[in-house]
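Geometric and topological summary
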Amino acid sequence: MAKVTAQAIADQCGVSRGTVDRVVNQRPGVAPEVRARVEAAIARSGYRTPTAKRAAGGRVTIGFLLAHWDLRYYVTEMHRGIKRAQRNIFRDDFEILVEEMHGRTPREYFECIERLLARGARGLILNAGDVPAIRDEIDRLTARGISVVTYDSDVTGSSRICHICQDYGRTGRMAGGLMLRLVPPASDVLIVTGNVEYTTHRGRVDGFCRRLDEAGTDAPRTRVIECLERYDLTYDGVLRAARENPKLRGVYMATESVDACVAALSKAKLPHRIPVVCNDLTPWAREFLLDGRVDFVIDQEFAKLAERAVLVLYELFCRGKAPASDVEYVRTRIVSREMVEHSKRPAAHGGVRRPDSRMSIPGR
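Let us look at the structure shown here. None of these values were measured; they are calculated from a predicted model.

Looking now at the pairing of strand E4 (residues 147–151). In terms of residue burial, E4 counts as a mostly covered element, since five of its five residues are buried. Burial along E4 is two-sided: the face carrying Ser 147, Val 149 and Tyr 151 and the face carrying Val 148 and Thr 150 are both buried. Inspection of the sheet shows strand E3 (residues 123–126) paired to E4 by four bridges, in the parallel sense. What sits directly across from Gly 123, in E4, is Ser 147. With helix H7 (residues 132–143) bridging E3 and the parallel E4, this β-α-β connection has right-handed handedness.

Ordered by their spatial adjacency, six strands build an open sheet running E2-E1-E3-E4-E5-E11, and the pairing between neighbours is parallel. In this open sheet, the two edge strands, each paired with only one partner strand, are strand E2 (94–100) and strand E11 (327–329). Across the sheet, the axes of successive neighbouring strands diverge by a mean angle of 20 degrees, strand direction being ignored. Taken together, the three bridges between E4 and strand E5 (residues 162–165) define a ladder with parallel strand orientation. From the neighbouring strand, Val 149 faces E5, where its bridge partner is Cys 162.

On to helix H2 (residues 17–24), then. The α-helix winds at 3.6 residues per turn, so residues separated by three or four positions along the chain end up facing the same way. When we look at burial in H2, the residues that qualify are Thr 19, Val 20 and Val 23. All buried residues of H2 project into a common sector of 100 degrees when viewed along the axis, lining one side. Buried residues along H2 sit in contact with helix H1 (6–13) and helix H3 (32–45).

On inspection of all chains with the given rule, the structure shows nine aromatic pairs. Relative to Tyr 235, the ring of Tyr 231 has its centre 6.3 Å away and its plane inclined at 15 degrees; by these criteria the two rings are stacked. Note that Tyr 231 and Tyr 235 are positioned in helix H10 (residues 231–244) at a spacing of four residues, about one turn of the helix. The buried category is assigned to Tyr 231, whose relative accessible area is 3%. In textbook terms, an aromatic cluster arises when at least three aromatic residues are bridged by ring pairs, as seen for Trp 69, Tyr 73, Tyr 74 and Phe 302. Directly above the aromatic system of Trp 69 lies the positively charged group of Arg 104, at a separation of 4.9 Å from the ring centroid.

On to the pairing of strand E7 (residues 221–226), then. Note: strand E6 (residues 188–193) against E7, six bridges, orientation parallel. Paired with Thr 193 across the two strands is Glu 226, which belongs to E7. In the classification by handedness, the crossover that spans E6, the intervening helix H9 (residues 199–213) and the parallel E7 is right-handed.

Moving on to the environment of Pro 28. Considering the arrangement of structural elements, one finds Pro 28 in the loop between H2 and H3. The exposure class assigned to Pro 28 is exposed, which follows from its relative accessible area of 67%. Setting aside chain neighbours within four positions, we find Pro 28 in contact with Arg 22 and Arg 35.

For the rest of this paragraph, the subject is unusual backbone geometry. Positive phi, normally seen in glycine, also occurs at Asp 152, with a value near 65 degrees. Secondary-structure assignment places Asp 152 in the loop between E4 and E5. Assessed through its relative accessible area of 8%, Asp 152 is described here as buried. The phi torsion at Leu 228 lies on the positive side, around 55 degrees, for a residue other than glycine. With respect to the helices and strands, the residue Leu 228 is situated in the loop between E7 and H10.

A few words on the nonpolar core. By size, the foremost hydrophobic cluster in this structure holds 66 residues, and its most contacted members are Phe 64, Met 78, Phe 94, Ile 125, Val 294 and Val 310. Per-element accounting of this core gives the leading share, 11 residues, to helix H13 (residues 302–319). Apart from residues no more than four positions distant in its own chain, Phe 64 is found in contact with Met 78, Ile 82, Ile 96, Leu 97, Val 98, Glu 99, Leu 116, Ile 125, Tyr 151, Ala 306 and Val 310. Tyr 109, Leu 124, Leu 141 and Ile 146 belong to the second-largest nonpolar core, a separate cluster that totals 19 residues.

The subject of this paragraph is helix H12 (residues 283–291). Counting buried positions along H12 gives eight out of nine residues, so the element sits mostly inside the fold. Within the sequence span of H12, burial applies to Pro 283, Trp 284, Ala 285, Arg 286, Glu 287, Phe 288, Leu 289 and Leu 290. Note on H12: the residue one or two positions beyond its end, Gly 292, has a positive phi of about 85 degrees.

Closest axis-to-axis distance for the helix H5 (residues 72–89)/H13 pair is 7 Å, and the angle between their directions is 40 degrees. The orientation of H5 with respect to H13, classified from their angle, is oblique. By crossing handedness, the relation of H5 to H13 is classed as right-handed. Of H13, the residues touching H5 (which contributes Tyr 74, Glu 77, Met 78, Arg 80, Gly 81, Ile 82, Arg 84, Ala 85, Asn 88 and Ile 89) are Phe 302, Ala 303, Lys 304, Leu 305, Ala 306, Glu 307, Val 310, Leu 311 and Tyr 314. Taken together, the residues of the contact of H5 with H13 break down into 12 nonpolar, two polar and five charged.

How each quantity is defined
Residues numbered from 1 in each chain as written. Predicted model: local features only at pLDDT ≥ 70, side-chain atom pairs only at ≥ 80, totals over all residues. Heavy atoms only, no water. Buried < 20%, exposed > 50% of the residue type's maximum accessible area, 1.4 Å probe, protein only. Helix = DSSP H or I, 4+ residues; strand = E, 2+ residues; numbered from the N terminus. Pairing = 2+ DSSP bridges. Right-handed = clockwise from strand over helix to strand, strands pointing away. Axes fitted to C-alpha atoms, helices over the stretch in contact; angles between N-to-C directions. Arc of directions from axis to C-beta. Contact = heavy atoms within 4.5 Å. Phe/Tyr/Trp six-rings, centres within 6.5 Å; stacked < 30°, edge-to-face > 60°. Lys NZ or Arg CZ within 6 Å of the ring centre and 35° of its normal. Core = buried A, V, L, I, M, F, W, Y, C linked by side-chain atoms within 4.5 Å. Parallel < 35°, antiparallel > 145°, perpendicular 65-115°, else oblique. Left-handed = near helix turned anticlockwise from the far one by under 90°. Nonpolar A, V, L, I, M, F, W, Y, C, P; charged D, E, K, R; others polar.

These values are about where atoms sit, not about what they do.
Next up, the structure:
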């Protein structure tokens, strides 16, 4: 038997689909005889509106695992995106449960997931490392009928239904193109990444290096250090590179801890300035862009990651609409000092400072 749709009812009654929508939602603007004809066709066909189907299926609940970031900016942006999605959905029968994580170990992911499932979550949204344990967990969830969407960092080869992210390779290429304009030919460039378990960091570094390689014999030589998004490791790594390598002429921050990089370069007291390109227009990055300590920021719509992830599951469960693609990209832009210098200057670091223990470096 063919599926009965609103358009089929409209065709049968010789009216528009909008008229059918007004009838089923009991809105005015339909002539009584037309309303009666549409209602009769609905009764004969057994057509059920999406609202009726949701009511029959009960409340739809999804779970959002909010990843841990040391810099509160990212968590705040995630909450902003979730709230924006809730406003756009505006339904009482669609519930978003948020679990804010305190770390990123597989065990904590498993515990958070089980709590969300116990509360009735039919779909999950998460940001995790691209590791076998998480990949196996996503596959296990899929086998149980739980739909999973990943955001920011992907879990490659898993059965997640969609990944919402910045185009990492393009982001890295953009940063590489900027760096080629900032440093002399055949100089040295330091790349600071966070944790290579995350596709976000790997993709940015790969894109950056590929773009520099295109410069041929004039391509800067690169060195990559992995700092696990920690202030102390970033500070020590950048300071050591600045002091030990007189040919260093640029730093690409493909991760957090831009404040640590800036502090280390200041401590090194080099006779020449080191250009810095970083990702994400955080309060730290904005301050350093305005002060001239960062040259360019490759920004993304971070809140949009959360918003789109929620809407993907909403469209799946409440509208029966599967994602059109298994990867969706948010907008990326290059930000210069001139783009932000006339905007209202935010309170230092968004009103949130790192703990003192992370700001002080023993022995310095």
